[in-house]
Amino acid sequence: MGKKGKKEKKVKGAEKTAAKMEKKVSKRSKREEEDLEALIAEFQSLDAKKTQVIETACAPPSPRLNASLCAHPEKDELILFGGEFFNGKKTFLYNELFFYNIKKNTWLKAEIPNPPPRRCAQQAVVVPQGGGQMWIFGGEFASPDGEQFYHYKDLWVLHLGTRTWEQVKAPGAPSGRSGHRMVLSKRQLLVFGGFHESTRDYIYYNDIHAFNLDTFTWSRLQPTGTGPCPRSACQMTPTPDGNGIIIYGGYSKSRAKKDVDKGTIHSDMFLLRREGKEEQEKWTWTRVNPAGVKPHPRSGFSLAVGPGGRALLFGGVCDEEDEESLEGDFFNDLYFYDINKNRWFPAQLKGNKSEKKKRRRGAKGEQTAETEEDKEKAQGPTEIVKEIVAEDGTVMTIKEVIPAARTEDDIEDEEEDEEDEEVEAAAMASLVEPSPRSSAMATVKHGKLYLYGGMFEVGDRQFTLSDLYSLDLHKMDQWDVLVEMDPKTQEWLEESEDEDEEEDAKGGDDEEDDEEEETSEEEGEEDADHPPVKPGEALADYQMRTETYWLGLARANMGPDAKEKKVQKVGHAMAKVFFEDQE
């Protein structure tokens, strides 16, 4: 009995200890949230000093991700709000508001009194009523050290005609969250999913809420059928008839074991359908199995709605996780999902047609310059020798003999076809395209896709972008660069500060320092002695010729534990940067 009593006491003691710890963690979490609320209030007090609307022509916005980019419903403008930036040491949150004039390619910063607090990962939807409105719900605020988070559940509307912000307070709103999705379906704003994170725990959602734009009321929908599991950052697209929404993909985390989380990238698709009249409407979930070429599973992709009932998906990242490291494979491909046909297909750029025609005319001119002797030789058996270079650098020689029975016209037709293919491939190779990235902002206006900012990683560094591209979705010829961005100009404070600390720790007299500087300069000159670019050499040829050197340099910089696939990407990128600097 004594032993049994001791066991029971131990169990009860452990339960009490756990309860005490839970209480402490809860109190600490509450204090941290209060601290963040105080910090948010401090920022708001600064914004409260603005008493009138000030609009200023400005340079393109600074680099950021997880902002809102919307197309103005009445004017040829794009609207950019909020977002975040991390420089390796500190997290910055924004509530800035910018307008981009599409025709003039100019930016305007609008300072409007009483804006929403600073945030990122919110959702924004524009509607045409009242001269145009932009509705914003939720999002998150992070402490400067990026360790604490506050999730909003507020709803705001920007009246574009009068340039005024208004907070709409209505009961029954969804709980605070970020990474959710919001779309307009007839006269309702539909909010789905998202997550809430604190220092002690996190939770992902799969609830769906509706805000009625006529009655200004929230309601939680209770659809029948089996819907998506809890997730954030999915693709959410209204159907062309306005009676449903498509949800694809997303991301969620779960606890694998103590202090170890496992991330899951979702690639399933669902349809939420509305039936019946407005007062008696019913919603139903249905699993959807689309046909076609599906995107590789990923998170952090950009999404927009294009013409003809097509949803657009650009870029993103596929994280390869284990208990000790996290490697990201970034994308810059574009996929369409045709809602009417329930089919995925990858976008194929056609290239510049006028450029193709010029090259074809040049090629045909060269053909007409052939001598009669060459033509006579072509009548006999012809041996064609082709060299193909494999990925590992192996050169394979292929010989093909063309019988004399074939006519000259046949041979010319085949050569023209081959030249057309080569010209098209060359035109495609010269196309400019956005670099691979995740968490970029995308929207469509007048049949054009606009893509802004986002981020990508190289090793431990995170590069945040501020470039702007457009793509005509009708022509599908080429990306146009509206704002350029050079990621080499970014400063990563964590590394520079570490280097300064190392130099201070070294000490030593001035002469030794001078000798070290001279040595390091000499070493820098040797490091800069990269394989030179040959006159007239193409980038692809240079990368292939110097691949061993750049892969070795990438491996030396990234360390022996870096994955081969990542090393190859970085090596090719380094070669490209050096090549472009020599031009």
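This write-up is about the structure you can find in this document. Because the structure is predicted, anything quoted here is derived from the model rather than measured. (Residues numbered from 1 in each chain as written. Predicted model: local features only at pLDDT ≥ 70, side-chain atom pairs only at ≥ 80, totals over all residues. Heavy atoms only, no water.)

### With respect to the overall build of the protein
Then, in step 1: Helices and strands together make up the secondary structure of the protein, namely nine helices and 34 strands.
Then, in step 2: Counting over 583 residues, the protein shows a buried share of 40%.
Then, in step 3: Within the protein, residue pairs in contact and separated by at least 24 positions form 56% of the contacts whose partners lie at least 6 positions apart. (Helix = DSSP H or I, 4+ residues; strand = E, 2+ residues; numbered from the N terminus. Buried < 20%, exposed > 50% of the residue type's maximum accessible area, 1.4 Å probe, protein only. Contact = heavy atoms within 4.5 Å.)

### What to know about the pairing of strand E3 (residues 77–81)
Then, in step 1: Burial analysis of E3 places five of its five residues in the buried class, the great majority of the element.
Then, in step 2: Every second residue of E3 is oriented toward a common face, with Glu77, Ile79 and Phe81 on one face and Leu78 and Leu80 on the other, all of them buried.
Then, in step 3: Looking at chain direction, strand E2 (residues 68–71) and E3 are connected through four bridges and run antiparallel. By the bridge assignment, Ser68 is partnered in E3 with Phe81.
Then, in step 4: Two successive antiparallel strands, E2 and E3, enclose a turn made up of five residues.
Then, in step 5: Relative to strand E6 (residues 97–101), E3 runs antiparallel, the two sharing five bridges. Residue Leu80 lies in a different strand from E6, and its bridge partner there is Phe98. (Pairing = 2+ DSSP bridges.)

### Structural notes on helix H9 (residues 564–582)
Then, in step 1: Compared with the 27 Å implied by 1.5 Å per residue over 19 residues, the 27 Å span of H9 between its first and last C-alpha is a close match.
Then, in step 2: Buried residues of H9: Lys566, Val567, Val570, Gly571, Ala575, Phe578 and Phe579, and no others. (Expected span 1.5 Å × (residues − 1).)

### Let's talk about the packing of aromatic side chains
Then, in step 1: Counting across every chain of the model gives 27 aromatic pairs.
Then, in step 2: With a centroid separation of 6.2 Å and an interplanar angle of 55 degrees, the aromatic rings of Trp107 and Tyr452 are classed as tilted. Linking Trp107 in strand E7 (residues 106–111) with Tyr452 in strand E32 (residues 448–458), this pair joins segments that are 345 residues apart in sequence. Accessibility assignment for this pair places Trp107 and Tyr452 in one class, buried. (Phe/Tyr/Trp six-rings, centres within 6.5 Å; stacked < 30°, edge-to-face > 60°.)

### Describing unusual backbone geometry
Then, in step 1: Notably, Asn114 is not glycine yet its phi reads approximately 55 degrees, a positive angle.
Then, in step 2: Within the element layout of this structure, Asn114 appears in the loop between E7 and strand E8 (123–127).
Then, in step 3: Residue Met476 is not a glycine yet carries a positive backbone phi of 50 degrees.
Then, in step 4: Relative to the helices and strands, Met476 is located in the loop between strand E33 (461–472) and strand E34 (479–483).

### What about the sheet that holds E7?
Then, in step 1: Taken in spatial order, the five strands make up an open sheet running E1-E7-E6-E3-E2, and their pairing is antiparallel. Lying at the two open borders of the sheet, with one neighbouring strand each, are strand E1 (54–58) and E2. The average angle at which neighbouring strand axes cross in this sheet is 25 degrees, direction not considered.
Then, in step 2: Pairing of E1 with E7, which is carried by five bridges, proceeds in the antiparallel orientation. Bridge pairing links Glu55 to Ala110 in E7. (Axes fitted to C-alpha atoms, helices over the stretch in contact; angles between N-to-C directions.)

### Here we look at the sheet that holds strand E20 (residues 235–238)
Then, in step 1: What the four strands build is an open sheet, ordered E20-E21-E22-E23; its pairing is antiparallel. Looking along the sheet, the strands with just one partner apiece sit at the ends: E20 and strand E23 (282–288). Between one strand and the next, the sheet's axes are offset by a mean angle of 30 degrees, whatever the strand orientation.
Then, in step 2: One ladder, built from seven bridges, connects strand E22 (residues 260–275) with E23; its direction is antiparallel. When the bridges of E23 are listed, Glu275 appears paired with Lys282.

### Digging into the environment of Phe43
Then, in step 1: By the element assignment, Phe43 lies in helix H1 (residues 2–47).
Then, in step 2: The spatial distance from the C-alpha of Phe43 to the C-alpha of Pro117 is 7.4 Å, given a sequence separation of 74 residues.
Then, in step 3: Not counting residues within four places of it along the chain, the set of residues in contact with Phe43 comprises Arg118 and Phe141.

### Things to note about the side chain of Asp472
Then, in step 1: Mapped onto the elements of the fold, Asp472 is located in strand E33.
Then, in step 2: Of the side chains bearing the opposite charge, Lys475 lies closest to the buried Asp472, which forms no salt bridge; the N-O distance is 4.6 Å.
Then, in step 3: Within the structure, Asp472 has its side chain in polar contact with the backbone nitrogen of His474 (distance 2.9 Å).
Then, in step 4: At 3.2 Å, the side chain of Asp472 and the backbone nitrogen of Lys475 are in polar contact.
Then, in step 5: Apart from the residues lying within four places of it in its own chain, the contact partners of Asp472 are Gly447 and Lys448. (Lys, Arg positive; Asp, Glu negative; His and termini not counted. Salt bridge = Lys/Arg side-chain N within 4 Å of Asp/Glu carboxyl O. Polar contact = N/O pair within 3.5 Å; in protein donor to acceptor, adjacent residues only side chain to side chain.)

### Side note on the environment of Pro63
Then, in step 1: Assignment of secondary structure puts Pro63 in the loop between E1 and E2.
Then, in step 2: The exposure class assigned to Pro63 is buried, which follows from its relative accessible area of 19%.
Then, in step 3: In the structure, Pro63 is positioned 23 residues away from Phe86 in sequence and 9.5 Å away in space, judged by C-alpha atoms.

### Things to note about a negative patch on the surface
Then, in step 1: Together, Glu33, Glu34, Asp35 and Glu37 make up a negatively charged patch on the protein surface.
Then, in step 2: Of note, Glu37 is situated in helix H1. (Patch = residues over 30% accessible without salt bridge, like charges linked within 9 Å, V, L, I, M, F, W, Y side chains within 5 Å. Areas by Shrake-Rupley, 256 points an atom, 1.4 Å probe, with all protein chains shown as cover. Charge placed at Lys NZ, Arg CZ, Asp CG, Glu CD.)

### A closer look at the pairing of strand E14 (residues 181–185)
Then, in step 1: Here E14 lies mainly inside the structure; four of its five residues are buried.
Then, in step 2: As paired elements, E14 and strand E15 (residues 188–192) share five bridges and run antiparallel to each other. Bridging from a neighbouring strand, Ser185 pairs with Gln188 of E15.
Then, in step 3: Turn length for the E14-E15 hairpin, with the two strands adjacent in sequence and antiparallel, is two residues, and the turn residue Lys186 shows positive phi of about 55 degrees.

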